[in-house]
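Summary of the model geometry
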Amino acid sequence: MTSKRTLLLAALALSTAAAQGNAPGKTIRLSDPALPFTISLPTGWLGVRFNDGLRGVNIASARKSPAALMRFTFIPKQGQSLNLANEFRAFEGAVTQGGGTLKLLSSKAARYGGVTGLTHVYTLNEQGKNLKMQIWFGNGRKNFYNFQLTDAATDFSKHLPLFTAALTSVQFQ
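Everything in this summary refers to the structure shown in the same document. Everything numeric in this text was worked out from a predicted model, so none of it was measured. (Residues numbered from 1 in each chain as written. Predicted model: local features only at pLDDT ≥ 70, side-chain atom pairs only at ≥ 80, totals over all residues. Heavy atoms only, no water.)

With omega at 5°, the peptide bond leading from Ser65 into Pro66 counts as cis. Looking at where Pro66 falls in the secondary structure, it is placed in the loop between strand S4 (55–60) and strand S5 (69–76). For Gln78, which is not a glycine, the phi torsion comes out positive at approximately 50°. With respect to the helices and strands, the residue Gln78 is situated in the loop between S5 and helix H2 (84–97). (Helix = DSSP H or I, 4+ residues; strand = E, 2+ residues; numbered from the N terminus.)

Here the focus is the environment of Leu30. Inspection of the secondary structure assignment puts Leu30 in strand S1 (residues 27–30). Once the C-alpha coordinates of Leu30 and Val57 are considered, the two residues, 27 residues apart in sequence, prove to be 9.3 Å apart.

The next subject is the nonpolar core. Ranked by size, the top nonpolar core spans 25 residues in total, and within it Phe37, Leu41, Phe72, Trp136, Tyr145, Phe147 and Phe172 carry the most contacts. Of all the elements in the fold, those that place two or more residues in this core are strand S2 (37–42), S4, S5, strand S6 (101–112), strand S9 (143–152) and helix H3 (156–169). The element that contributes the greatest number of residues to this core is H3, accounting for 4 residues. For Trp136, the contacting residues outside a window of four places in its chain are Ala110, Tyr112, Val115, Thr116, Gly117, Leu118, Thr119, Tyr145, Asn146, Phe147 and Phe172. (Core = buried A, V, L, I, M, F, W, Y, C linked by side-chain atoms within 4.5 Å. Buried < 20%, exposed > 50% of the residue type's maximum accessible area, 1.4 Å probe, protein only. Contact = heavy atoms within 4.5 Å.)

Next up on the list: the sheet that holds S2. Taking strand neighbours across the sheet as the criterion, the 3 strands line up as S1-S2-S10 in an open arrangement whose pairing is antiparallel. With partners counted over all chains shown, the strands left at the sheet margins are S1 and strand S10 (171–172), one partner each. Note that S2 and S10 share 2 bridges and pair antiparallel. When the sheet's bridge partners are listed, Thr38 is paired in S10 with Gln171. Across the face of the sheet, H3 comes into contact with S1, S2 and S10 while running at roughly 155° to S2. (Pairing = 2+ DSSP bridges. Axes fitted to C-alpha atoms, helices over the stretch in contact; angles between N-to-C directions.)

This part is about the pattern of salt bridges. This structure, assessed with the given rule, holds 1 salt bridge. Note that Arg71 and Asp52 form a salt bridge whose closest N and O atoms lie 2.7 Å from each other. Of the two residues, Arg71 is situated in strand S5 and Asp52 in the loop between strand S3 (46–47) and S4; the sequence distance between them amounts to 19 residues. (Salt bridge = Lys/Arg side-chain N within 4 Å of Asp/Glu carboxyl O.)

In this section: the sheet that holds S5. Across the sheet, which stays open at both edges, the 7 strands sit in the order S3-S4-S5-S9-S8-S7-S6 with antiparallel pairing between neighbours. Strand pairing shows two members of the sheet lacking a second neighbour, S3 and S6, which therefore form its edges. Pairing between strand S7 (residues 115–126) and strand S8 (residues 129–139): 10 bridges, direction antiparallel. Across the sheet, residue Thr123 finds its bridge partner in S8, namely Lys132. Against the sheet, H2 makes contact with S6, S7, S8 and S9, and its axis sits at roughly 20° relative to S7, the strand it touches most.

Moving on, we come to the packing of aromatic side chains. For the structure on display, the rule yields 16 aromatic pairs. Taking the centre distance of 5.3 Å and the plane angle of 50° together, the rings of Trp136 and Phe147 count as tilted. With Trp136 in strand S8 and Phe147 in strand S9, this pair connects stretches of sequence that are 11 residues apart. Ring centres 4.9 Å apart and planes at 65° place the aromatic pair Phe137 and Phe144 in the edge-to-face group. Judged by relative accessible area, which is 3%, Phe137 ranks as buried. (Phe/Tyr/Trp six-rings, centres within 6.5 Å; stacked < 30°, edge-to-face > 60°.)

See the structure below:
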C-alpha cells in the first residue's frame, strides 16, 4: 500500500510540475520500495497508467496526443536466463503482428546503473503515425528491464536528451 501511495505522490508531483509548465533541465527523483531502481524523471511530464501487466513507471509529455511517452518497466526473471537479441526479435514480431511497421536504425550495447543491455532505435509506422523509438533492454540479476522513449518522428530529437538523462540517472537496487 505504501508503494502505491509513493508512486501516486510522484505522479502528482509530475502533474503539478506539468500544470506549472515544462521546466527544462529540472528533474524529480523517484524512489519507491516497489521499484527495483531509482530514477530522475523530467518535471512537467504526467504519470500514465497502462493495464498491460508491466510494472514500473510511465510518463507522457502532455495530456493529449501527440505526446512523447517514456516507459521504465521491469519483469522479474524468476531465475531465467534471457538473450536480449531474442527479446528484441519477439518485440519486433509483436509489433508486426499488431499491424505496425518497424525499421531498425541502430543497435548498440549500453550499460546503465551497472546493468548490461542492448539499445535499439527504430522508426515505427502505426495507424498512419510516423513515430521513432529508442528502447533499452537490460538484463539485470533479478529482472528484465524495458526502458523506452516513443515520440513523433519530428519531435524525437527534442525529447531524447531528457530520456538519456533519465537513463544515466538510474540506480538499480
